[in-house]
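Here is what each chain is made of, one letter per residue.
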Amino acid sequence: MVELSELEALVRRCLDDFYSRRISNLSNLRLKELLKRKNPYLLRAMGLRTAGELVEHILLLHAQASDETIFRDAFVGAYRFCSKPWKKVRCQRDRYRN
């Protein structure tokens, strides 16, 4: 049976990996490259009128799309660890109830 502390350590490592990958992804982002992939007419139809609104919206869309992939890649080890048929993960949530 997996101990809660062991599971917490695994999740902590996965979250650290996720956030470091996310920061790296956003740090390497170039606006010019991102603008090539977007339809300017669609952005205009959405009511984006200022450069700040445009950058904020594009950054949000990029982050949402890439976060799914980054999260999956970061947590694949945890999925495999918890889904092994010979190991049972016991949730100890009852311990924390008031």
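Look a little higher up for the structure.
The shown structure was predicted, so the numbers you read here are calculated from the model rather than taken from an experiment. (Residues numbered from 1 in each chain as written. Predicted model: local features only at pLDDT ≥ 70, side-chain atom pairs only at ≥ 80, totals over all residues. Heavy atoms only, no water.)

## So, the environment of Leu35
And step 1. Its place among the elements puts Leu35 in helix α2 (residues 31–36).
And step 2. A relative accessible area of 36% means that Leu35 is categorised as partly exposed.
And step 3. For the pair Leu35 and Leu54, spaced 19 residues apart in sequence, the C-alpha to C-alpha distance is 9.7 Å.
And step 4. Beyond its immediate sequence surroundings of up to four residues, Leu35 is in contact with Leu54 and Ile58. (Helix = DSSP H or I, 4+ residues; strand = E, 2+ residues; numbered from the N terminus. Buried < 20%, exposed > 50% of the residue type's maximum accessible area, 1.4 Å probe, protein only. Contact = heavy atoms within 4.5 Å.)

## Things to note about helix α1 (residues 4–27)
And step 1. Between its first and last C-alpha atoms α1 spans 34 Å; for 24 residues at 1.5 Å apiece the expected length is 34 Å, and the two agree.
And step 2. Turning to α1, its buried residues number three or more, namely Leu4, Leu10, Cys14 and Phe18.
And step 3. Looking at the buried side of α1, the elements it contacts are α4 (51–82). (Expected span 1.5 Å × (residues − 1).)

## Brief notes about the pattern of salt bridges
Should the charged atoms of two oppositely charged side chains come close, the side chains can pair.
And step 1. Evaluated as defined, the whole model comprises four salt bridges.
And step 2. A salt bridge links Glu33 to Lys36, with the shortest nitrogen-to-oxygen separation between them at 4.0 Å. Of the two residues, Glu33 and Lys36 both sit in helix α2, three residues apart, roughly one turn of that helix.
And step 3. Residue class for Glu33 comes out partly exposed when judged on its relative accessible area of 47%.
And step 4. A relative accessible area of 62% means that Lys36 is categorised as exposed. (Salt bridge = Lys/Arg side-chain N within 4 Å of Asp/Glu carboxyl O.)

## A short note on α4
And step 1. The terminal C-alpha atoms of α4, which comprises 32 residues, lie 45 Å apart, in line with the 46 Å expected from a rise of 1.5 Å per residue.
And step 2. Along its length, α4 shows its largest kink, about 50°, at Phe75.
And step 3. When α4 is considered as a whole, its buried residues turn out to be His57, Ile58, His62, Ala63, Ser66, Asp67, Ile70, Ala74, Phe75, Ala78 and Phe81.
And step 4. For α4, the elements touching its buried residues are α1, α2 and α3 (40–45). (Bend = angle between axes of the 7 residues up to and from the residue.)

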